[in-house]
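# Chains, contacts and geometry: an overview
So you can see what is in the structure, the chains are spelled out below.
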Amino acid sequence: METSRAAREPRLPFFGALIGVVALAAALAAGHLVAGFISANASPYLAVGNGAIDLTPVGLKDFAVRTFGVYDKLVLLGGMAVVMVLAAAVAGIASRRSPVPGIVLIAAFGLLGGLAVALRPDLSAVALLAPLASLIAGVGVFFWLHRLASAGPPAEVAGTSRRSVLLAGAGAVVAAGAAGAGGQLLAGTRDAESSRTAVGRLVPAEPAPPIPADADFAKLGTPTFLTSNRDFYRVDTALSVPQVRAEDWSLRLHGMVREEKRFSYDDIRGRPLIERAITMTCVSNEVGGTYVSTANFIGVDLGDLLREVGILPGAEQIFSTSVDGWTAGSPVVAALDPERGAMLAIGMNGEPLPVEHGFPARMVIPGLYGYVSATKWVKDLEITTWKARRAYWLDRGWGEQAPIKTQSRIDSPKGFETVPAGKVRVSGVAWAQHTGIERVEVRLGANGSWLPATLSREVGLNTWRMWWTEFDVPAGSHQVTVRAVDKSGYTQTDARAGTVPDGATGWHVISFTAR
């Protein structure tokens, strides 16, 4: 009796682990394939990842952005994959006598994926077909492979049965790979890039003034004044970049307005377009961080659209919603301020918006951190009050108004760099959007005198300014500190504060060695 039972068990841990991992791959691939017909976010794997982002504590999210930068989402997905593979392998090994442990785990993954899909605000009920397919495929493959591994008389278990499992597992892996690739190809058929290409060149009726040659000191180590679309920072919660075609897009303005309106892409593009140079900053930018960039944005004046619908008395907030369900709250007064120049942007540096930067349209309100001013893939603007609606990051402990703080950064020399002793050039950038930079001061050593730096030509109050200066530096280790003074007379504080709840503060200090 004992021999018969042993004959029916997958006898090596390797085969149990293989069964669990292959079943997991089949489940994920099936879900991804079905999601290809519906929406990329319907893929259970991505839905769970998006849910994890939404549930991540603010401190952990801030750590991820600070540590991994633009790769934070890849780290999340990779970590999820490792955990799921290990869990599937353990469940497979635990299923030596019965397939129940493995089937329970695969079913649990499927139900978790179903819950994540059901909670996505950008998905309809039909999206539940993806996690359902994942559940059926995973459980089915696990049961099938477990049965193969347990089949046959004792003499065959060590040979034929195991070869059957390996062959069946290999076939299942190939099928899973094909299904996953199929899902990716299907998602690509709704790719927004072809729609973006068809938009063609955007010609503003009111182009931005030409950027003067002395608007940056790139030859001295600063960034170029305009940041290329490829290098423009990107921080958002989207695991899968929303794919929205211009011909399918519209923007609804409603709420505390006299007349609700909806605008198509052609409605917006058909208006006289304006172009404005605007520097944007992420609230996750640490002191000395790189999450600040400048572009010439093309679009229409957001204030004009708001005045057309007629803002009612008492309105305080523009509650904007992205196609993926993300929300932001922007002060109505900032969007209506003609001096600030808030925009509904459809272009960036002479091109239609890149897909990862919000194509077909995004908001840009100068002087406010991006989480309250720069909704990408925007589809809905509700005029309301602060009390009536709470946006995504407000519920996670971030500030309500979020004006960008006066900051400066050293770009050259780099921290801990070794340079020749003698004349050492120090350069960098400062910003105080919608207030403007008056001067930048730099000192050598912790107790050195503050010396004014040479500033680049000012392009506008909504853009950054570059600076540079020189010091006579003897051989040895040295420290350089920078601070900015804005046009309101405010001197950048040395008090160090983290990014939560409304942006980091402190002086940027770097150390270097002269030889």
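What comes next concerns the included structure. Since the model is a prediction, treat every value here as computed from it, not as a measurement. (Residues numbered from 1 in each chain as written. Predicted model: local features only at pLDDT ≥ 70, side-chain atom pairs only at ≥ 80, totals over all residues. Heavy atoms only, no water.)

## With respect to the overall build of the protein
When its secondary structure is counted, the protein shows twelve helices and 19 strands. The buried share of the protein, taken over its 515 residues, is 52%. Of the contacts made within the protein by residues no fewer than 6 positions apart, 76% connect residues no fewer than 24 positions apart. As displayed, the protein has an accessible area near 22,300 Å², and 60% of this comes from carbon and sulfur atoms. (Helix = DSSP H or I, 4+ residues; strand = E, 2+ residues; numbered from the N terminus. Buried < 20%, exposed > 50% of the residue type's maximum accessible area, 1.4 Å probe, protein only. Contact = heavy atoms within 4.5 Å. Areas by Shrake-Rupley, 256 points an atom, 1.4 Å probe, with all protein chains shown as cover.)

## A few points about the pattern of salt bridges
Throughout the structure, instances matching the rule amount to 24 salt bridges. With a closest N to O distance of 4.0 Å, glutamate 247 and arginine 245 form a salt bridge. As a salt-bridge pair, glutamate 260 and arginine 252 come within 2.9 Å of each other at their nearest N and O atoms. Connected through salt bridges with shared partners, the residues Arg276, Asp301, Asp304 and Arg307 form a single ionic network. (Salt bridge = Lys/Arg side-chain N within 4 Å of Asp/Glu carboxyl O.)

## Quick look at a nonpolar patch on the surface
Residues Leu60, Phe63, Phe68, Tyr71, Leu74 and Val75 make up a contiguous nonpolar surface patch of roughly 590 Å² in combined accessible area. Within the residue set of the nonpolar patch, elements represented by two or more residues are α4 (58–68) and α5 (72–93). For valine 75, the location among the structural elements is in helix α5. Relative accessible area serves as the criterion here: at 36%, valine 75 is assigned to the partly exposed category. (Patch = residues over 30% accessible without salt bridge, like charges linked within 9 Å, V, L, I, M, F, W, Y side chains within 5 Å.)

## Quick word on the pairing of strand β7 (residues 343–348)
Across the six residues of β7, six count as buried, placing the element largely inside the fold. Sheet topology places strand β4 (residues 292–301) next to β7; five bridges connect them, and they run antiparallel. Within β7, the position partnered with aspartate 301 by the bridge is methionine 343. Pairing geometry for β7 and strand β9 (residues 362–364), over three bridges, is antiparallel. What sits directly across from leucine 344, in β9, is methionine 363. Relative to strand β8 (residues 351–352), β7 runs antiparallel, the two being bridged by two bridges. Along β8, the bridge assignment pairs glycine 347 with proline 352. In this structure, the hairpin formed by β7 and β8 is closed by a connection of two residues, where asparagine 349 is found at a positive phi of approximately 55°. (Pairing = 2+ DSSP bridges.)

## Overview of helix α7 (residues 129–150)
The end-to-end C-alpha distance of α7, which contains 22 residues, comes to 31 Å, matching closely the 32 Å that a straight helix rising 1.5 Å per residue would cover. Looking only at α7, the buried set comprises Ala130, Pro131, Ala133, Ser134, Gly138, Val141, Phe142, Leu145, His146, Ala149 and Ser150. (Expected span 1.5 Å × (residues − 1).)

## So, unusual backbone geometry
Residue phenylalanine 359 is joined to proline 360 through a cis peptide bond whose omega torsion reads 10°. Relative to the elements of secondary structure, proline 360 occurs in the loop between β8 and β9. Following valine 500, the chain continues to proline 501 via a peptide bond in cis, the omega torsion being 10°. By the secondary structure assignment, proline 501 is in the loop between β18 (476–486) and β19 (508–514). Of note, asparagine 349 is a non-glycine position whose phi angle comes to about 55°, a positive value. The residue asparagine 349 is located in the loop between β7 and β8 in this model. Taking the relative accessible area as the measure of exposure, asparagine 349 reaches 23% and is therefore partly exposed. Here tryptophan 377, not a glycine, exhibits a phi torsion of approximately 55°, which is positive. With respect to the secondary-structure elements, tryptophan 377 resides in the loop between β9 and β10 (378–384).

## Brief notes about the nonpolar core
Phe297, Leu302 and Leu344 are the most contacted members of the largest nonpolar core, which totals 78 residues. In contact with phenylalanine 297, not counting residues within four places along its chain, are Phe232, Ile274, Glu275, Arg276, Ile278, Met280, Met343, Ala345, Gly347, Met348, Arg362 and Val364. Core analysis: the second largest hydrophobic core is formed by 19 residues, Val426, Ala430, Val473 and Phe512 among them. (Core = buried A, V, L, I, M, F, W, Y, C linked by side-chain atoms within 4.5 Å.)

## With respect to the packing of α5 against helix α6 (residues 100–118)
Their axes nearest at 8 Å, the elements α5 and α6 cross at an angle of 155°. Considering the angle they form, α5 stands roughly antiparallel to α6. Contact residues: Met84, Ala87, Ala88 and Ala91 in α5; Pro101, Gly102, Leu105 and Phe109 in α6. Its residues placed into classes, the contact of α5 with α6 shows seven nonpolar, one polar and no charged. (Axes fitted to C-alpha atoms, helices over the stretch in contact; angles between N-to-C directions. Parallel < 35°, antiparallel > 145°, perpendicular 65-115°, else oblique. Nonpolar A, V, L, I, M, F, W, Y, C, P; charged D, E, K, R; others polar.)

## A few points about the pairing of strand β14 (residues 437–444)
Both β14 and β18 contribute to a ladder of seven bridges, which runs antiparallel. If you follow arginine 443 over to β18, its bridge partner there is threonine 481. Two strands pair when backbone bridges link them, and β14 and strand β15 (residues 451–452) are joined in this way by two bridges, in the antiparallel orientation. Counterpart to valine 442 in the pairing with β15 is leucine 451. Hairpin connection, β14 to β15: the antiparallel pair is bridged by six residues, and glycine 445 has positive phi, about 90°.

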